[in-house]
Amino acid sequence: MSVLVLMLSVSAACCLGFGFVLQQNAAQQAPLSDFLSPRLLLDLMRVPRWLGGIALMVTGMVLGAIALSQGEVSLVEPLLATNLLFALALSRKQTRQSLGRQGWAGLALLAGGVTAFIVAGEPRSGTAVTDPFRHWLIIGAMVGLALLLTTYAKRSRLSAGPVLLALAAGLLYGVQDALTRVSGQRFTEGGLTELVTGWQPYGVLALGVTGLVLVQSAFETAPLRMSLPALTAAQPLAGIICGVGFLGDRLRTDTGALAWEAVGLAGIVVGILLLGMHPAMPRGTTKPRPALDLQPR
């Protein structure tokens, strides 16, 4: 593994984690009438804390994009999942909660899972799939599942909606990361002309804005501990599926390697859940807020 890719990925994770906490601090005060509306972003643009969180998130995305241009999606995505560690660090400072057994267990599982997956899988680049049907099949499945989750979130109660929205956003961000890598490759091969004549950079932008609305709606309606674990778990899984599915990323496929890769991914998901549900994570606003009826009429 390249030291540059490692440093870029961890730096990106740091910016993302800090940015998510600041965004949720601000979004939880937004009016519930803005739920799943682009108007939510317009309202939040007036909040300095949210703008600071967005600046950190954009910085993290840029660093992540550079890391993706230098390494495989299947390598970078698990490292980006460590953003939850940095989110917990900032949340601990705000809440003054100790890690305790749950925190240390989550930290060990997340770090161990990332290490196990990378060491066992040995992600490396290969020949990208040129069949457009396979591209659209995988991207369509990810986007379609995100749409289904969002639709159900609108019809469900607020207790379930934020988790579903975060899962949907994570899937979109995973696809966005894959398209970011393709866009970087197009720019390297043909410069700016090659980049702007392809659909991928516009897909990156559309997925980014849509994911942002979903994430802020999830942050607005529930504590960070309900939304961030789902977001953090879904993004690397979607990214790895895209990387192996059509970007040409290669993982070891012998029985022992597959077993450890599965163990590593399971450790990542369980570690994310333990850290995300840690008492140090912000519980959300304590001010009474009007209920929002999301039932279809």
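Counting restarts for each chain: residues are numbered from 1 in the order of the written sequence. Totals for whole chains, interfaces and linings use every residue, but because this is a predicted model, local features are given only for residues with pLDDT of at least 70 and side-chain atom pairs only at 80 or more, for both listing and counting. Heavy atoms throughout the structure, all of them, feed into the side-chain values; hydrogens and water do not.

## A word on the packing of aromatic side chains
Worth spelling out the cut-off: For Phe, Tyr and Trp, where Trp contributes only its six-membered ring, two rings pair if their centres lie within 6.5 Å, and the inter-plane angle classes them as stacked under 30 degrees, edge-to-face over 60, or tilted in between. Helix and strand definitions follow DSSP, with helices as H or I runs of at least four residues and strands as E runs of at least two, each counted in order from the N terminus. Burial classes: relative accessible area under 20% of the type maximum marks a residue as buried, over 50% as exposed, and values in between as partly exposed (1.4 Å probe, protein chains only).
Taken as a whole and judged by the stated rule, the model has 3 aromatic pairs. For the pair Phe-18 and Phe-86, a centre-to-centre distance of 6.2 Å together with 90 degrees between the ring planes defines the contact as edge-to-face. Residue Phe-18 is found in helix H1 (residues 3-27), and its partner Phe-86 is found in helix H5 (residues 83-95); the two are separated by 68 residues along the sequence. Owing to a relative accessible area of 22%, Phe-86 belongs among the partly exposed residues under this scheme.

## Overview of the environment of Ala-218
To keep it simple, the criterion reads: We call two residues contacting when some pair of their heavy atoms lies within 4.5 Å.
Looking at the secondary structure, you find Ala-218 in helix H9 (residues 200-221). Ala-218 gets classed as buried once you look at its relative accessible area, which sits at 1%. C-alpha of Ala-218 to C-alpha of Cys-15: the two residues are 203 residues apart in sequence and 19 Å apart in space. Contact partners of Ala-218, with chain neighbours within four places excluded, come to Pro-162, Leu-165, Ala-166 and Ser-227.

## Remarks on the pattern of salt bridges
Stated precisely, the cut-off is as follows: By salt bridge we mean one thing: a side-chain nitrogen of Lys or Arg within 4 Å of a carboxyl oxygen of Asp or Glu.
Using the criterion set out here, one finds 4 salt bridges in the structure. Ionic pairing is found between Arg-181 and Asp-249, a salt bridge with its closest N-O pair at 2.5 Å. Taken together, the residues span a long stretch of sequence, with Arg-181 in helix H8 (residues 161-196) and Asp-249 in the loop between helix H10 (224-245) and helix H11 (255-276) at a distance of 68 residues. Comparing Arg-181 with Asp-249 shows no difference in burial state: the two are buried. With its nearest N and O atoms 3.3 Å apart, the salt bridge here joins Asp-254 to Arg-252. With a relative accessible area of 27%, Arg-252 lands in the partly exposed category. A network of salt bridges, in which partner residues are shared, links Glu-122, Arg-252 and Asp-254.

## Section: the packing of helix H4 (residues 73-80) against H10
So the rule is basically this: An axis is simply a line fitted to the C-alpha atoms; with a helix, the fit covers only the stretch in contact. Between two such axes, the angle follows the N-to-C directions and lies from 0 to 180 degrees. Each angle receives one of four descriptions, namely roughly parallel if under 35 degrees, roughly antiparallel if over 145, roughly perpendicular if within 65 to 115, and oblique otherwise. Nonpolar residues are Ala, Val, Leu, Ile, Met, Phe, Trp, Tyr, Cys and Pro. Charged residues are Asp, Glu, Lys and Arg, and all others, Gly as well, are polar.
Two elements in contact, H4 and H10, have axes whose closest approach is 8 Å; the angle formed by their N-to-C orientations is 175 degrees. By the angle class used here, H4 and H10 are roughly antiparallel. Here Val-73, Ser-74, Glu-77 and Pro-78 of H4 come into contact with H10, specifically with Gln-235, Pro-236, Gly-239, Ile-240, Gly-243 and Val-244. Looking at side-chain class alone, the contact of H4 with H10 contains 5 nonpolar, 4 polar and 1 charged residues.

Bear in mind that shape data such as this cannot, by itself, settle questions of function.
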